[in-house]
Amino acid sequence: MTAERKAENITAVRMVINWLGLGLFALLGVAAVVPLFLIIGDVYVKGIDAINRLGGLWHFLTGLPPTPYEESGGIGPMLVGTLYMTVLGALLGIAVGFPLGVYIGEMRREKFANVARAGVNVLVEFPTIVIGLFVYAVMSLAKEDLNLYLLDPLSRTISPVGGWITQFIGPLDGFNAYAGAAALSIIMIPYVALITASAYASIEQPLREAAYATGGREFNALFVVLRKAVSRAVLTAALLGTAKIAGETAPLLFTAFGNFYYAPFTGPTAAVPLWVWYAAQTPYEVQIASAYGAAAVLLTIILTIFIIARIRG
Amino acid sequence: MLGFLLVVLLIPYLIAAYGLLFVKLRWGLRLFGAFIVATIGLLTVMFLVEAYPIIARDGVAVFLQTGWDPVRESYGVLQALTGTVLTSAVAMALAMPMALGVAVTINEILPARWRGVFGSLVDLTATMPTVIYGLWGLFVLGPTLQSLVNTLARDTMTSPYTLFTAGVLLAIMITPYAAAVIREGYALVPKPVEEAIYAVGATRFEAALIKLRYVRNYILGGFFLALGRAMGETVAVAMVVGGNFVRFTTNIFESGITISSLIALQFPNAASYQYMVPALFAGALLLTLFGLAINAVAIYIIQRGQI
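Residues numbered from 1 in each chain as written. Chains lettered and ligands numbered in written order. Predicted model: local features only at pLDDT ≥ 70, side-chain atom pairs only at ≥ 80, totals over all residues. Heavy atoms only, no water.

Here we look at the overall build of chain B
Working step 1: What chain B contains, in helices and strands, is 13 helices and 2 strands.
Working step 2: The principal-axis extent of the C-alpha atoms belonging to chain B is close to 70 × 70 × 30 Å.
Working step 3: Residue burial in chain B is summarised as follows: out of 307 residues, 56% are buried.
Working step 4: The long-range fraction of contacts in chain B, counting pairs at least 24 apart against all pairs at least 6 apart in sequence, stands at 70%. (Helix = DSSP H or I, 4+ residues; strand = E, 2+ residues; numbered from the N terminus. Buried < 20%, exposed > 50% of the residue type's maximum accessible area, 1.4 Å probe, protein only. Contact = heavy atoms within 4.5 Å.)

Spelled out as C-alpha cells, the structure:
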C-alpha cells in the first residue's frame, strides 16, 4: 500500500468518526429537549380532557376543588392564591434584586461587592425547600409579637374601612400568603440581581462616562440614564423570574400551606402548584384529573410569560 | 423577637432605600449587598438553633444512623443521605453527556438561525415547574421505566417509584443548568484558538473535542452547579422516589428517600412529635451545608478558569 493510499484511508476513517461523533452529540442534545415535548403534550392532552369532564373551562377556573365524591370542580381558590403570592413575591423580588444587581454589577471593584456576588450565586442555587423552611422558622418565631404589637392594633385602626380589608390585613396565622410571598421573593431576588448585574457590567465605558456627565448625581446616572440601556435585559429577568416563582411548590409547602376554599390571605392560602402536588398523590380519580387540569392551567401561565419574555428580550 | 426581626430585615432595607435615594448612593447599595449576605448567615444560624435539640440529644449520630421511628422518637437521616447521593449520581451520569450534547449541538451542528430556538427550548426545560415534572414522572415516566427495566432484566424493578426513577427525572431537570454554564464557556473560546484548530486540519468533531477540553473548567463548574440542583430538588423527587423513609437501601431499583423529600413528606405531621421538627431541621442544615460547599467549589472553579 502506498503512502498516499494510506493517508486516504485515514482521512476516510476520520470522516466516518467525524459524522458518528457529531451524530452522537446531536442525539444527546436532542435527548435533552425531547422530554419537554413529551411533558407538554401529556399535560395538555390529559389536562384539557380533564377540564372538559370537570365542568368546562369557566367552572374549572372559578370553582372549588372537587372532593373525592364529586363529579365536577375547579381550582378557583388556588388560582387566586397563586396570582396574589406571585405578584407580591415578584414585586418584592424586584425591589431588592434590582438595586442589589446594580451594586454587584456596577461596583465590582469593591471587595464587599464580590462577597455579595458570591452570596447571590449561592442563593440562586439554594434548595428551594430550605428557603421555605427558613421562612417557616422566622414566621413561627415572629408571629406572636407581630400580631400583638403591630397587626392587632393595625386591624382595629383600619376596621372602619370595611369588612373586605380583613381579607388582606389582620392577625396572621402560622401559615399565610405573606410568608409564601416572602419565600418566593427570596427565590426571585438572585435571579433578578444576577441578570441586572451582567447587564450593567456589559455597558460600555464611554456610555457610562456620558451618563455620569449628564446625570449629575450618581443616583440619576445609574438609575435614570443607564437604566434605559439595560431596561430590556432587566425586564426579561423580571419576567423569567416571575415565570419561575409562579411554578414553585417546595417553598410554599410550609409557608402558604394550601387550602381548599376561598379564604383570607392572612391564613393558609391555596396555590395551583400545591394543589397539583396534593391531588396527584391522592388515590381518587377525580382529584388526579383536576391535578392534570391545574397543571395545564399552570403551564399555560408559565408558557405565556416565557414567550412574552423571549419576544421582548 | 419582633424587634430582632425588624432590626435584621426590615429596618436595614428601609435605611438602604433611604440612603440610596437621599444620602449617598454607594452606601445605600452596600447595604443591599449586606442584606443578602445577612440573609444567608441568618438562615444558617436559624437552622442551627432549630436543630439544636436533636444534636444535643444524639450528637452527630443523627447523621450517621438509619431508621426513622417517630413513635420511639428515634431519628436517623443516613438512609436519606444515601438516597440523595444515589439519585444525584444517577442524575449526573445521565445529565452530563446530555449537557455536553446540548452545548455542541447549539454551537457546532445547528445552523445559526435555529440556535436561538433550540437554546430557548433548553431554557424552557429549566423554567418548567418542578411539580409538573413530578406529575409526569408519577403517571408516565415511572411506569414506562418499570416496564423497560423489567424487559431488560426480569423483576429488578418491583415498583415504578424508585431511586432510579427519581434519578432519571432529575437528569432531565438539571441538564439545562449544566448546559448553560458549558454553553457560556464554549461561546468564549477565542477566535484565534478556533482558527488554529481548523488550520491544522481538524474535522468538526475533533474541533468540538478540543474546544470542550479548552473549557474544561466550565464543564467542571457546570457539573457542580447541576449537582447542587440535583441534591436540593424536592417536589419532583418526592413524588417519584417512593417515600420509603424507614428501610435503609443501596439498591437504586428500590424505593427510597432523599433528604429534601424526607422534609417535604414528613414535615406536615412533625409537630405531633417532640424531636421530629429538630430532626428535619438537622436535615435542612445538612442540605444547606452541602449547598454552600458545592457552590463554593463551583464558583471557585469557574472563576479560576475564566478565559
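So, next bit.
What about the packing of aromatic side chains?
Working step 1: Evaluated as defined, the whole model comprises 21 aromatic pairs over all chains.
Working step 2: Ring plane angle 45° and centroid distance 5.7 Å describe the contact between F47 of chain B and F281 of chain B, whose orientation is recorded as tilted. Within this pair, whereas F47 of chain B is found in helix α2 (residues 25-58), its partner F281 of chain B is found in helix α13 (residues 276-304), the two being separated by 234 residues in sequence. One exposure class covers both F47 of chain B and F281 of chain B, and it is buried.
Working step 3: Here the aromatic rings of F267 of chain B and F281 of chain B are separated by 6.2 Å at their centres, their planes lie at 85°, and the arrangement is edge-to-face. With F267 of chain B in the loop between α12 (259-266) and α13 and F281 of chain B in helix α13, this residue pair connects regions lying 14 residues apart in the sequence. When sorted by exposure, F267 of chain B lands in the same class as F281 of chain B, which is buried.
Working step 4: Among the aromatic residues, those joined into a cluster by ring pairs are Y136, F175, F254 and F257 of chain A together with F47, F267 and F281 of chain B.
Working step 5: Positioned over the ring face of Y275 of chain B is R57 of chain B, at 4.3 Å from the centre of the ring.
Working step 6: Over the face of the ring belonging to Y177 of chain B we find R229 of chain B, whose NZ or CZ atom lies 4.0 Å from the ring centre. (Phe/Tyr/Trp six-rings, centres within 6.5 Å; stacked < 30°, edge-to-face > 60°. Lys NZ or Arg CZ within 6 Å of the ring centre and 35° of its normal.)

Some remarks on the pattern of salt bridges
Working step 1: Applying the stated rule across the entire model yields 15 salt bridges over all chains.
Working step 2: Two residues, R229 of chain B and E125 of chain A, come together in a salt bridge whose shortest N-O distance is 3.2 Å. One end of the pair, R229 of chain B, is in helix α10 (residues 216-232); the other, E125 of chain A, is in the loop between α4 (111-124) and α5 (128-158), on a second chain. Here R229 of chain B and E125 of chain A have matching classes, each one buried.
Working step 3: A salt bridge links K191 of chain B to E194 of chain B, with the shortest nitrogen-to-oxygen separation between them at 3.8 Å. Here the residue K191 of chain B and the residue E194 of chain B both occupy positions in helix α8 (residues 191-199), the gap between them amounting to 3 residues, near one helical turn. (Salt bridge = Lys/Arg side-chain N within 4 Å of Asp/Glu carboxyl O.)

Notes on the side chain of R229 of chain B
Working step 1: Classification of R229 of chain B by relative accessible area gives buried; the value is 16%.
Working step 2: Among the polar contacts made by the side chain of R229 of chain B, one reaches the main-chain carbonyl oxygen of V124 of chain A at a distance of 3.0 Å.
Working step 3: Residues within four places of R229 of chain B in sequence aside, it is in contact with V124, E125 and Y191 of chain A together with I174 and Y177 of chain B. (Polar contact = N/O pair within 3.5 Å; in protein donor to acceptor, adjacent residues only side chain to side chain.)

Things to note about the environment of T39 of chain B
Residue and element names in this part refer to chain B.
Working step 1: Turning to its location among the elements, T39 is positioned in helix α2.
Working step 2: Judged by relative accessible area, which is 7%, T39 ranks as buried.
Working step 3: Sequence separation between T39 and I172 is 133 residues; the distance between their C-alpha atoms is 31 Å.
Working step 4: Separated by 2.8 Å, the side chain of T39 and the backbone oxygen of F35 make a polar contact.

A short note on the interface of chain A and chain B
Frequently, the measure chosen for interface size is the accessible area that the parts lose on association.
Working step 1: At the junction of the two partners, chain A supplies 86 residues and chain B supplies 83 residues.
Working step 2: Our count for the contact surface shared by chain A and chain B stands at 4 salt bridges.
Working step 3: Note that R30 of chain B and E110 of chain A form a salt bridge whose closest N and O atoms lie 2.6 Å from each other.
Working step 4: Remark: the boundary between chain A and chain B carries 11 residue pairs in polar contact (both at pLDDT 80 or more).
Working step 5: Breaking the side of chain A that touches chain B down by element, the ones donating at least two residues are α1 (3-53), α3 (76-106), α4, α5, α6 (177-201), α8 (218-246), α9 (272-280) and α10 (285-312) of chain A.
Working step 6: Per-element tally for the side of chain A that touches chain B: the top contributor is α1 of chain A, with 24 residues.

A short note on the nonpolar core
Working step 1: Counting 201 residues, the largest nonpolar core has I75, I129, F134 and L222 of chain A together with F47, I132 and I263 of chain B as its most contacted members.
Working step 2: Residue contributions to this core reach at least three from each of two domains, namely domain 1 (2-59) and domain 2 (75-304) of chain B.
Working step 3: Leaving out residues up to four positions away in the same chain, I263 of chain B has contacts with I129, L133 and F254 of chain A together with L280, G283, A284 and L287 of chain B. (Core = buried A, V, L, I, M, F, W, Y, C linked by side-chain atoms within 4.5 Å. Domains from an automatic or database assignment.)

Comments concerning the packing of α3 of chain A against α9 of chain A
Residue and element names in this part refer to chain A.
Working step 1: Where α3 meets α9, the closest approach of the two axes is 7 Å, and the angle between their N-to-C directions is 135°. Considering the angle they form, α3 stands oblique to α9. Across the interface between the two elements, M78, L79 and T82 from α3 touch V272, P273 and W275 from α9.
Working step 2: Split into classes, the residues belonging to the contact of α3 with α9 amount to 5 nonpolar, 1 polar and no charged. (Axes fitted to C-alpha atoms, helices over the stretch in contact; angles between N-to-C directions. Parallel < 35°, antiparallel > 145°, perpendicular 65-115°, else oblique. Nonpolar A, V, L, I, M, F, W, Y, C, P; charged D, E, K, R; others polar.)

Some points on the domain arrangement of chain B
Residues and elements named next belong to chain B.
Working step 1: Split into domains, chain B comes out as domain 1 (2-59) and domain 2 (75-304).
Working step 2: Placing a centre on the C-alpha atoms of domain 1 and another on those of domain 2 gives a separation of 31 Å.
Working step 3: Between domain 1 and domain 2, the contact holds 12 residues from the first and 10 residues from the second.
Working step 4: The tally of links from domain 1 across to domain 2 stands at 0 salt bridges.
Working step 5: Linking domain 1 with domain 2 are 0 residue pairs in polar contact (both at pLDDT 80 or more), by the criterion used here.
Working step 6: Residues that form the side of domain 1 that touches domain 2 fall into these classes: 8 nonpolar, 1 polar and 3 charged.

Things to note about the side chain of T82 of chain A
Residues and elements named next belong to chain A.
Working step 1: By secondary structure assignment, the location of T82 is in helix α3.
Working step 2: At 2.8 Å, the side chain of T82 and the backbone nitrogen of V272 are in polar contact.
Working step 3: Those residues in contact with T82, other than ones at most four positions away along the chain, are A246, A270, A271, V272 and P273.

Brief notes about the packing of α4 of chain A against α6 of chain A
Residues and elements named next belong to chain A.
Working step 1: Here α4 crosses α6 at 130°, and the two axes come no closer than 9 Å. For the element pair α4 / α6, the angle class is oblique. Seen along the crossing, α4 lies across α6 with a hand that is left-handed. Taking contact as the criterion, the partners of R117, V120, N121, L123 and V124 in α4 are, on α6, I186, P190, Y191, A193, L194 and A197.
Working step 2: When its residues are assigned to classes, the contact of α4 with α6 shows 9 nonpolar, 1 polar and 1 charged. (Left-handed = near helix turned anticlockwise from the far one by under 90°.)

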